[in-house]
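# Architecture at a glance
Next come the chains, spelled out residue by residue.
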Amino acid sequence: FQVCMAPVAEKKGKIISLVLTFTDITKTRRLELVRKDFVANVSHELKTPLTSIGGFAEILVNKQAEGKQAQQFLEIIFDNVKQMQLIVEDLLLLASLENDEKQITMQSCSVEHIIEESLRRCTYKASMKKMVIESKVQRKLYCMGNEGLLIQAMVNLILNAILYSEEGKTISIVVEEVENQILFKVQDQGCGIAEENLERIFERFYRVDKARSRKEGGTGLGLSIVKHIANIHNGNISVESHIGEGSTFTLSIPQ
Ligand code: ADP
């Protein structure tokens, strides 16, 4: 609580009472802490690839490596630049979701088209891991939303399903209509998530296995973007998961 005190005086200046105001600043303090934490996280996430770029570039500039080794160092530099690009793109997307929320146009969207387009964007990554993506959309369904953002959310969920599954596994996309909501379900047979981590995975930069996520080019922002997109649509994102058995993410969007 923040406490402010103001004296109340009568005409001759004699103080006759004091007014104390107590303001609950928990929310402001919490927001401030979240912001500080976020800035620290962004700095850390960018610093890691940047340090690597700086180090290897220095070796090359000083001509301390040549031939095959120089080529290897250039590849490391290139990978780290790509990682930074992904982080910056995700950060810009998050910022635009927060700042331009009111300008986002909503319209009736074809669920079939959202699934088709999301699958198209993930096919290459799935084929690289010899994975099959099954999809079942029963009939023509529509939901209210921003098509581009809904595709983005589905792509994030499907890419995660690919990333956190072993080669050759199957991913299923199931669409259901329940009480005026469209449920987009992405089911995988991947590594699963332990119960104690389930709540935290939607936080920015939270990863269960940092090394695995980074190695695969994960930014740690994918699910927080999905959560944001769900909120903008007055929808919801939830997850059910069991270690070693796989996960099911359900994005529900009002019709
Ligand atoms: P990342 O870029 O690390 O994938 P996300 O925000 O998309 O970031 O996900 C946060 C974390 O949640 C991941 O690092 C991973 O530990 C976990 N996760 C997300 N999707 C899955 C999944 N389908 N199976 C297992 N773990 C997952």
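Data block above holds the structure.
Source: prediction; values computed, not measured.

## Comments concerning the packing of helix H2 (residues 67–99) against helix H7 (residues 222–232)
- Between H2 and H7, the shortest axis-to-axis distance is 10 Å and the interhelical angle comes to 20°. It follows that H2 is roughly parallel to H7 by the angle criterion. Crossing of H2 over H7 shows left-handed handedness. When H2 is examined against H7, the residues Asp90, Leu93, Leu94, Leu97 and Glu98 are found in contact with a partner set consisting of Gly222, Ser224, Ile225, His228, Ile229 and Ile232.

## Description of the packing of helix H3 (residues 111–128) against helix H4 (residues 147–163)
- Where H3 meets H4, the axes come as close as 9 Å, and the angle between the chain directions of the two elements is 35°. Pair H3 / H4 crosses with right-handed handedness. Along the contact surface, H3 presents His113, Ile114, Ile115, Glu117, Ser118, Leu119, Arg121, Cys122, Lys125 and Ala126, while H4 presents Glu147, Leu150, Ile151, Met154, Val155, Ile158, Leu159 and Ile162.

## Section: H7
- Among the 11 residues that make up H7, nine are buried, leaving the element largely enclosed by the rest of the structure.
- Residues of H7 that are buried include every one of Gly222, Leu223, Ser224, Ile225, Val226, His228, Ile229, Ala230 and Ile232, and no others.
- Trailing H7 by a residue or two, Asn234 shows a phi angle of about 55°, which is positive.

## Comments concerning H4
- The terminal C-alpha atoms of H4 lie 24 Å apart, and with 17 residues this matches the ideal 24 Å at 1.5 Å per residue to within 8%.
- Burial analysis of H4 places 12 of its 17 residues in the buried class, which makes it a mostly covered element.
- Leu149, Leu150, Ile151, Ala153, Met154, Val155, Asn156, Leu157, Ile158, Ala161, Ile162 and Leu163 are the residues of H4 that are buried.
- Its side-chain oxygen 3.2 Å from the backbone nitrogen of Gly148, Asn146 forms the N-cap of H4.

## Comments concerning the pattern of salt bridges
- Counted according to the given criterion, the structure contains 12 salt bridges.
- For Glu98, the salt bridge goes to Arg204, with nearest N and O atoms at 2.4 Å. You can see Glu98 sitting in helix H2 and its partner Arg204 sitting in the loop between helix H5 (195–198) and helix H6 (210–215), a full 106 residues away along the chain.
- Judged by relative accessible area, which is 39%, Glu98 ranks as partly exposed.
- On the accessibility criterion, Arg204 (26% relative accessible area) is partly exposed.
- What you see here is one network of salt bridges that share partners, running through Arg29, Glu32 and Lys36.

Rules used in this analysis
- Residues numbered from 1 in each chain as written.
- Predicted model: local features only at pLDDT ≥ 70, side-chain atom pairs only at ≥ 80, totals over all residues.
- Heavy atoms only, no water.
- Axes fitted to C-alpha atoms, helices over the stretch in contact; angles between N-to-C directions.
- Helix = DSSP H or I, 4+ residues; strand = E, 2+ residues; numbered from the N terminus.
- Parallel < 35°, antiparallel > 145°, perpendicular 65-115°, else oblique.
- Left-handed = near helix turned anticlockwise from the far one by under 90°.
- Contact = heavy atoms within 4.5 Å.
- Buried < 20%, exposed > 50% of the residue type's maximum accessible area, 1.4 Å probe, protein only.
- Expected span 1.5 Å × (residues − 1).
- Polar contact = N/O pair within 3.5 Å; in protein donor to acceptor, adjacent residues only side chain to side chain.
- Salt bridge = Lys/Arg side-chain N within 4 Å of Asp/Glu carboxyl O.

Scope: geometric values only; no functional claims are made or implied.
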